[in-house]
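# Descriptive structure summary
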There are 2 protein chains.
Amino acid sequence: MKRNTWQREAVREALETSEGFVSAQALHSGLHATGSPIGLATVYRALADLASEGEADSLQQDGESIYRACTPNTHHHHLICRNCGLTVEIEADEVETWAQKVAAQNGFTQANHIVDVFGLCTSCSPG
Amino acid sequence: MKRNTWQREAVREALETSEGFVSAQALHSGLHATGSPIGLATVYRALADLASEGEADSLQQDGESIYRACTPNTHHHHLICRNCGLTVEIEADEVETWAQKVAAQNGFTQANHIVDVFGLCTSCSPG
DNA sequence: TCGGTTTTGACAATCATTATCATTAAGGGC
DNA sequence: GCCCTTAATGATAATGATTGTCAAAACCGA
Ligand SMILES: [Zn+2]
Ligand SMILES: [Zn+2]
Ligand SMILES: [Zn+2]
Ligand SMILES: [Zn+2]
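Residues numbered from 1 in each chain as written. Chains lettered and ligands numbered in written order. Predicted model: local features only at pLDDT ≥ 70, side-chain atom pairs only at ≥ 80, totals over all residues. Heavy atoms only, no water.

Within the structure, DNA strand D sits among 19 residues, and A:Tyr44, A:Ser65, B:Thr5, B:Thr42 and B:Arg45 are positioned closest to it. Near the protein, meaning within 4 Å, the atoms of DNA strand D are sugar or phosphate in a fraction of 66%, with bases accounting for the rest. In this structure, a phosphate oxygen belonging to DNA strand D sits 2.6 Å away from a side-chain N or O atom of B:Thr5. Residue B:Arg45 places a side-chain N or O atom 2.4 Å away from a base nitrogen belonging to DNA strand D. For the surface near DNA strand D, the secondary-structure elements that each account for two or more residues are α3 (40-52) and β3 (64-69) of chain A together with α1 (6-16) and α3 (40-52) of chain B. Counted by class, the surface near DNA strand D contains five nonpolar, seven polar and seven charged residues. (Near = heavy atom within 4 Å. Polar contact = N/O pair within 3.5 Å; in protein donor to acceptor, adjacent residues only side chain to side chain. Helix = DSSP H or I, 4+ residues; strand = E, 2+ residues; numbered from the N terminus. Nonpolar A, V, L, I, M, F, W, Y, C, P; charged D, E, K, R; others polar.)

Here's what the structure looks like:
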């Protein structure tokens, strides 16, 4: 049975109070800065668990995994600011059906997909 | 000025004769197996160059970068078999316009996107 | 409270990738 | 073709994120 520890809760809270995506290292640093003695390995484990339970989304950036608390529990994608990390959750049936169609047309089964849109948010756009 | 070396050419050829996406390590192993004395660092450099010149596509998988020779020189995406690596190149205006639309609607500029579809190809599908 | 089991965390180990830097070899000018 | 400048190579060390180890601590049901 899975146990409730303050460490898991601390990671969950830290994730929820983060604006955009954060790395395990960054989240660990942030917790330490507030005086939490949580270990780095524990942060990695907690984030992996949250992601596998569908409570967090993750994506790869610059060779590291970054995570974000996931409010809706449904399948969705993200629009992410390359500069400040601001993230908007996107649900798009168009893309879902397109992905399924493309897979089926080519004889592929058990399809899934990775779809992320990056850009500069209003605050970070030049001009 | 960029120089032509047999090493670059060897990497380019190895990439072109590979079926799906390959990692730098795998490509280096393959070259060694054929007797080539090319160095690992050189393979990394050549792949990075090819990717930046638009002659190869790359994506992240399991924390490593994998590459593939890119026949058309236009923007496109991939449908990849999770089991054997077979890759189909996909061009889809639907997704391109969708990505632009989503970014614009949210005030994002300079948008780009990552779109990959994974599945099991006909040969690798069960049943 | 007690005890079996899970979780933690300090640390070592792993693994892909990058930096270093002395040596090699393009390729332009002669 | 021969030199010479300089980019490219490659053996190796360094980096950095992530995972494995395992004794000690924490959960939680009985
Ligand atoms: Zn921004
Ligand atoms: Zn989707
Ligand atoms: Zn396949
Ligand atoms: Zn596209």
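There's plenty left to go through after this.
Residues and elements named next belong to chain A. Distances from the zinc ion (ligand 1) to its protein donors, namely Cys81 (SG), Cys84 (SG), Cys121 (SG) and Cys124 (SG), fall within the range 2.1 to 2.4 Å. We note that the donor set of the zinc ion (ligand 1) lies within a single chain, spaced as C-x2-C-x36-C-x2-C. Taking relative accessible area as the criterion, Cys84 reaches 45% and is therefore assigned partly exposed. (Donors = N, O, S within 2.8 Å, 3.2 Å for Na, K, Ca; no water. Buried < 20%, exposed > 50% of the residue type's maximum accessible area, 1.4 Å probe, protein only.)

Okay, helix α2 (residues 24-33) of chain A next. One turn of the α-helix equals 3.6 residues, which is why residues spaced by three or four share an orientation. Residue and element names in this part refer to chain A. Those residues of α2 that fall on the buried side of the exposure criterion are Ala24, Leu27, His28 and Leu31. Down the axis of α2, the buried side of the element spans an arc of 100 degrees, and every buried residue falls inside it. Lining the buried residues of α2 we find α1 (6-16), β1 (22-23), α3 and β3. Gly35, located one to two residues past α2, shows a positive phi value of around 95 degrees. (Arc of directions from axis to C-beta. Contact = heavy atoms within 4.5 Å.)

Moving on, we come to the interface of chain B and chain A. Across the contact, 36 residues belong to chain B and 36 residues belong to chain A. Carbon and sulfur atoms supply 61% of the area that chain B and chain A bury against each other, a total of about 3000 Å² over both sides. The largest share of the area that chain B buries against chain A comes from B:Trp98, B:Phe108 and B:Ile114, three residues that together contribute 23% of it. Taken together, the links from chain B to chain A amount to two salt bridges. In this structure, the salt-bridge partner of A:Lys101 is B:Glu94, at a minimum N-O distance of 2.9 Å. The interface formed by chain B and chain A contains 16 residue pairs in polar contact (both at pLDDT 80 or more). Only β4 (77-81), β5 (87-90), α4 (93-105) and β6 (109-120) of chain B provide two or more residues apiece to the side of chain B that touches chain A. Per element, the largest residue contribution to the side of chain B that touches chain A is 12 residues, and it comes from β6(B). With nine bridges connecting them, strand β6 (residues 109-120) of chain A and β6(B) associate as antiparallel partners. Its bridge partner lying in β6(B), A:Asp116 is registered against B:Ile114. (Buried area = accessible area lost by both parts, 1.4 Å probe. Salt bridge = Lys/Arg side-chain N within 4 Å of Asp/Glu carboxyl O. Pairing = 2+ DSSP bridges.)

In this section: unusual backbone geometry. Not every positive phi belongs to a glycine, and A:Gln110 is a case in point at roughly 50 degrees. By secondary structure assignment, the location of A:Gln110 is in strand β6. Phi at B:Asp62 takes a positive value of approximately 55 degrees, unusual for a residue other than glycine. Considering the arrangement of structural elements, one finds B:Asp62 in the loop between β2 (56-61) and β3 (64-69).

Turning our attention to the domain arrangement of chain A. Interfaces are often sized by the amount of accessible area the parts lose when they come together. Residues and elements named next belong to chain A. When its domains are assigned, chain A resolves into domain 1 (6-69) and domain 2 (77-119). Computed from C-alpha atoms alone, the centre-to-centre distance between domain 1 and domain 2 is 23 Å. Listed by partner, the interface residues are eight residues for domain 1 and eight residues for domain 2. With both sides pooled, the region where domain 1 packs onto domain 2 buries about 570 Å², and carbon together with sulfur makes up 54% of that total. For the domain 1 face of the interface with domain 2, the top three residues by lost area are Phe21, Leu59 and Arg68, together amounting to 59%. Across the pair Arg68 and Glu89 runs a salt bridge, and its minimum N-O distance is 2.9 Å. (Domains from an automatic or database assignment.)

Glancing now at the relation of the copies chain B and chain A. For the pair of chain copies, the relating transformation is a rotation about an axis with a translation along it. Here chain B sits on chain A after a turn of 180 degrees about the axis and a move of 0.0 Å along it, with an RMSD of 0.1 Å. Here the symmetry operator amounts to a two-fold rotation axis. Nearest to the rotation axis, the C-alpha of B:Val115 is located 2.2 Å from it, this being the minimum over chain B. In this assembly, 100% of the residues forming the interface of chain B have copies in chain A that are likewise at the interface, indicating an isologous arrangement. (Least-squares fit on C-alpha atoms with pLDDT ≥ 70 in both.)

Moving on, we get to the sheet that holds β6(B). Pairing is mixed across the open sheet formed by six strands, whose spatial order is β5(A)-β4(A)-β6(A)-β6(B)-β4(B)-β5(B). Of all strands in the sheet, those with a lone pairing partner are β5 (87-90) of chain A together with β5 of chain B, marking the two edges. The sheet shows a mean angle of 20 degrees between the axes of neighbouring strands, taken without regard to direction. As paired strands, strand β4 (residues 77-81) of chain A and β5(A) are joined by four bridges and run antiparallel to one another. Bridged to A:Ile80 within β5(A) is A:Thr87. In the packing of helix α4 (residues 93-105) of chain A onto the sheet, the strands contacted are β4 and β6 of chain A together with β4, β5 and β6 of chain B, and the crossing angle to β6(A) comes to about 135 degrees. (Axes fitted to C-alpha atoms, helices over the stretch in contact; angles between N-to-C directions.)

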